[in-house]
Amino acid sequence: QVQLAESGGDLVQVGGSLRLACAASGTSKSIFSISDRAWYRQAPGKQRELVAVLTRGGRTNYADSVKGRFTISRDNAMSTVYIQMNELEPEDTAVYYCSADSNSAYVIRGTSDYWGQGTQVTVSS
């Protein structure tokens, strides 16, 4: 069984930067099996939205609202996935969740088997 844990959320001013991390715990084999990863976010009163995807093969995809500002990456062991968030805006305020699955289609659809508990990002103006 794999568990995901996000970290790095904080209160930051407009224009600032944060890097969130999503660490997977479990056996090496189980962690490698869920190498398709994504970051989602949910703001108060809004639906959860896909922010960024990183597939097992290294392909990335971003929501239009974060393109050019956010970058998703992972470590060599493929156990921790990061999202570097620059030029933060108040609209980026949300709880950020990471998800993982063995099939990129599931992470893109938001139907992944594995989710973290979330980390709060607040952008203050």
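Here goes a summary of the coordinates provided. This is a predicted model, so every value here is computed, not measured.

The rules behind each value
Each chain carries its own residue numbering, running from 1 in the direction its sequence is written. For a predicted model such as this one, the threshold for reporting local features is a pLDDT of at least 70, and the threshold for listing and counting side-chain atom pairs is 80 or more; totals across whole chains, interfaces and linings nevertheless cover every residue. For the side-chain quantities, the full set of heavy atoms in the structure was used; hydrogens and water were omitted. The pairing criterion for strands is at least two bridges between them, as found by DSSP. The helix count covers DSSP runs of H or I at least four residues long, the strand count covers runs of E at least two residues long, and both are numbered beginning at the N terminus. Axis definition: a line fit to C-alpha positions, over the contact stretch in the case of helices; interaxial angles, taken between N-to-C directions, run 0 to 180 degrees. Accessibility here uses a 1.4 Å probe with only protein chains present; expressed as a share of the type maximum, an area under 20% marks a residue as buried, one over 50% as exposed, and anything in between as partly exposed.

If you trace the four strands from one edge of the open sheet to the other, you get 1-3-8-7, paired in antiparallel fashion. Edge positions in the sheet fall to strand 1 (3-7) and strand 7 (70-74), since each of these pairs with one other strand and no more. The mean angle between the axes of side-by-side strands here comes to 15°, regardless of whether they run parallel or antiparallel. Inspection of the sheet shows strand 1 paired to strand 3 (residues 18-25) by five bridges, in the antiparallel sense. Considered in strand 3, the bridge of Ser7 is made with Ala21.

This part covers the pairing of strand 11 (residues 119-124). Residue alternation in strand 11 divides its side chains into a buried set, Thr119, Val121 and Val123, and an unburied set, Gln120, Thr122 and Ser124. In the sheet, strand 2 (residues 11-13) pairs with strand 11 via three bridges, with the strands oriented parallel. If you follow Leu11 over to strand 11, its bridge partner there is Thr122.

With a phi close to 60°, Met78 is a non-glycine residue in the positive phi region. The phi angle at Glu87 is positive, at roughly 50°, despite the residue not being glycine. Looking at the secondary structure, you find Glu87 in the loop between strand 8 (80-85) and strand 9 (94-101).

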